[in-house]
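A closer look at the structure
What follows is each chain in one-letter form.
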Amino acid sequence: MMINITFPDKSVKQFEAGVTPLEIARSISPRLADDVLAASINGEEWDLSRPVNGDAELKLFKWDDPEGKHAFWHSSAHLLAEALQILYPGVKFGIGPAIESGFYYDIDPGQHQLTSDDFKKIEDKMLELARNKEDIVRADISKADALKLFGDRGEEYKCELISELEDGHITTYTQGCFTDLCRGPHIPNTAPIKAVKITSLAGAYWRGDEKRNQLVRVYGITFPKKKMLDDYLALLEEAKKRDHRKLGKEMELFAFSQNVGAGLPLWLPKGAALRDRLEQFLRKIQKRYGYLQVITPHIGNKALYVTSGHYAKYGKDSFQPIHTPQEGEEYLLKPMNCPHHCEIFRALPRSYRDLPLRLAEFGTVYRYEQSGELHGLTRVRGFTQDDAHIYCAPDQIKDEFLKVMDIIFYIFKALKFDNFEAQISLRDPEHKEKYIGSDENWHLAEQAIIEACAEKGLNARTELGEAAFYGPKLDFMVKDAIGRRWQLGTIQVDYNLPERFQLEYTGADNQKHRPVMIHRAPFGSMERFVAVLLEHTAGKFPLWLTPEQAVVLPISEKFNDYAHQVAAALEEQDFRVEVDDRNEKIGRKIRDNELKRIPYLVIVGEKEQEAGEVSVRKQGEGDQGSMKIANFARLLAEEVKKSINQ
RNA sequence: GCCGCAAUAGCUCAGUCGGUAGAGCAUUUCAUUCGUAACGAAAAGGUCGUGGGUUCGAGUCCCACUCGCGGCUCCA
């Protein structure tokens, strides 16, 4: 019997029923057969060696396709497991999936104690097994047989997984002496795995549940070519150089002190000035969008958070209340600004004419994050949100969303964050009871978010069940130097707080109405934003933001006076300029200041002094020739203007 | 909070078998006064994260704590 195989370009070819994707690839070209790693049949992931029995749409995936890498790394995870089984008899296996870069396997090492010293041994064993060119063979298995197979081997974790699977849909994959419960797909043979690196060990709770056993997670990555591994390792080294913790120290932006406490950043003068410029930048846009700045205290009466519901939910795991000499009086360091802003809403009678009311504050908040979670400036215990709360009528939500998105896009564009991801978090439609607020309002808000994204042409991922209990949200995520995702901007609808704080406004109908609240923070927090910005720019901030815009370098000490005159003239126009009047040769000064990522170096010697000029050198681009001081100032001004006004 | 790993000069790091701590860069001083990515010489700089323990003797071995790193869990 012949079947029709449709290719992605819609062309159709006939093959014998039972043909495998690999055979199809070979019929096209031997080269393709060498390169192909996985396939899909009618959209379903499919092994290259798995027969196709009916008409189908076929896609073939190579290394450059995520699906190809995925199969390659998934098979590598099995290879890792096989090596571990041989090297450490008695280890029990959890799960071993492919991830964004590489793969891991969770194992219960039993009496063995794995350390990084074992990596080489594991890598060598994996390579040895790969060189055996073992076929990776898929098999259907009944639930009973699967339970017996893995039960006999004492694989308690696998048995738990099997017991939750539906009979008739269980498959195993075997290569060499290792058989794993697995849905696939896999590459057909271990041979293409030519380079192996075990990257790290970590603890991981079984099934992500902190109440259950902690397994050892072995991370690794593999490649079809040795050179690709070398390139990958070089890339990781490069990424480490742009780690914000390293750059922040080097550039004297922020510091931590054991004496102050973990997760409590100290902003050094240059960092504080940088942060201030970011705040001014945002303040200016927000003013344009009708925001009103407010200021609220760093602590609030415990009752405020009991009212908001936060105390019940987070009180135990937060910084504990501050006690006063007055018996029974308790205050909390504020973990968020919203309750304070709600009280500002309540401070005056509100009319529908006041809405939307947009209250903004750079509000510093304190959250007792778990010690193991602290991370540079991205996860801290005291941080400042670029917070604002918009109080509006339900039918104003969409319009307000659009406006907030405008602000976020403006900021991301000015700072060249072009690789952000957006996620719409909606409620779980199966469990509407978990959420507060009326069905009608939820529907309205969710539609408002979805429509706003569509109108802005924003390609956002939609996640059901990820909404906060009080409302749906839209988050913006940016990756750091080594690919970890951090949430920056966020826009959240909230039905809960207006209810709890009994917020009301008088409508055109002279009746009382409850406003909807929108929380939003385009940066997320100043700390996290600066961290991610550092990693994005590798410390080379745009001219308007950078701590030192230019450094004047006198050729010798004879020209120090002129250098200071030049600096003074530029400072007069509000540029941030320093003079490197150290007793060093010009080559040395250039090198040091280039390494400090100074955007413009201004070299002055006899020629410049006589002509009233400066010799300009641009970071990374070298000598730009000499010009009058005023012309250089104009050049700076134009560059600043261009990046801020876009 | 959990698992694993680490902590030595301002920074990056070496320190063997337990025997009184070392390099490069940065800093200071001297010399030099220089034209587009590192001139030279010298000096100074450390209770080896903190507290206990083992030992004749601890940077080194053991325990606890603190801080940090990689994950996990969490993230109002």
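First, a word on what this report is: a plain description of the structure on this page.

**A look at the overall build of chain A**
What chain A contains, in helices and strands, is 20 helices and 33 strands. Based on the C-alpha atoms only, the size of chain A along its principal axes is roughly 85 × 75 × 55 Å. Buried positions account for 50% of the 646 residues belonging to chain A. Long-range contacts, defined here as pairs at least 24 residues apart, represent 68% of the contacts in chain A between residues at least 6 apart. Positive and negative side-chain charges in chain A, numbering 88 and 100 respectively, have mean positions lying 3 Å apart.

**Focus on the protein's contact with RNA strand B**
Lining the immediate environment of RNA strand B, one finds 53 residues, of which Gln214, Ser371, Glu373, Asn583 and Arg588 sit closest. Sugar and phosphate atoms form 47% of the subset of RNA strand B atoms that lie within 4 Å of the protein. Ser556 has a polar side-chain atom sitting 3.5 Å from a base oxygen of RNA strand B. Note that a base oxygen of RNA strand B is positioned 2.3 Å from one of the side-chain N or O atoms of Ser615. At the level of secondary structure, the elements contributing two or more residues to the surface near RNA strand B comprise strand S12 (195–205), strand S13 (214–223), helix H11 (310–314), helix H18 (586–595), helix H19 (606–611) and strand S32 (613–618). Counting residues per element, the surface near RNA strand B draws most heavily on H18, which supplies seven residues. Taken together, the residues of the surface near RNA strand B sort by class into 16 nonpolar, 18 polar and 19 charged.

**Thoughts on the sheet that holds strand S19 (residues 330–333)**
The sheet built from three strands is open, its strands ordered S17-S19-S18 with antiparallel pairing. Across the chains shown, the open sheet's two edge strands, defined by having one partner strand only, are strand S17 (299–301) and strand S18 (322–323). Sheet topology places S17 next to S19; three bridges connect them, and they run antiparallel. Note that in S19 the partner of Gly300 across the bridge is Leu332.

**A word on the sheet that holds strand S9 (residues 137–140)**
Read from one edge of the open sheet, three strands run S9-S10-S11, paired in antiparallel fashion. The outermost strands of the open sheet, each flanked by one partner alone, are S9 and strand S11 (178–181). Pairwise comparison of adjacent strand axes, ignoring direction, gives a mean angle of 25 degrees for this sheet. The pairing of S9 with strand S10 (residues 171–175) spans four bridges and is classified as antiparallel. Of the residues in S10, the one forming a bridge with Asp140 is Thr171.

**With respect to the packing of helix H3 (residues 66–87) against helix H4 (residues 119–131)**
Packing of H3 against H4 brings their axes to within 9 Å, and their N-to-C directions diverge by 115 degrees. As far as their axial angle goes, H4 and H3 are roughly perpendicular. Here H3 runs over H4; the crossing is right-handed. Each of Ser76, Leu79, Leu80, Glu82, Ala83, Leu84, Ile86 and Leu87 in H3 lies in contact with H4, whose residues at this interface are Lys121, Ile122, Lys125, Met126, Leu129 and Ala130. In the contact of H3 with H4, the residues fall into 10 nonpolar, one polar and three charged.

**Structural notes on the state of the cysteines**
The final tally for this structure, using the stated rule, is zero disulfides. With no disulfide of its own, Cys182 lies closest to Cys159 among cysteine sulfurs, the gap being 16 Å. You can see Cys338 has no disulfide; the closest cysteine sulfur is in Cys342, sitting 6.9 Å from it.

Reading the values: the criteria
Residues numbered from 1 in each chain as written. Chains lettered and ligands numbered in written order. Predicted model: local features only at pLDDT ≥ 70, side-chain atom pairs only at ≥ 80, totals over all residues. Heavy atoms only, no water. Helix = DSSP H or I, 4+ residues; strand = E, 2+ residues; numbered from the N terminus. Buried < 20%, exposed > 50% of the residue type's maximum accessible area, 1.4 Å probe, protein only. Contact = heavy atoms within 4.5 Å. Lys, Arg positive; Asp, Glu negative; His and termini not counted. Charge placed at Lys NZ, Arg CZ, Asp CG, Glu CD. Near = heavy atom within 4 Å. Polar contact = N/O pair within 3.5 Å; in protein donor to acceptor, adjacent residues only side chain to side chain. Nonpolar A, V, L, I, M, F, W, Y, C, P; charged D, E, K, R; others polar. Pairing = 2+ DSSP bridges. Axes fitted to C-alpha atoms, helices over the stretch in contact; angles between N-to-C directions. Parallel < 35°, antiparallel > 145°, perpendicular 65-115°, else oblique. Left-handed = near helix turned anticlockwise from the far one by under 90°. Disulfide = S-S within 2.5 Å.

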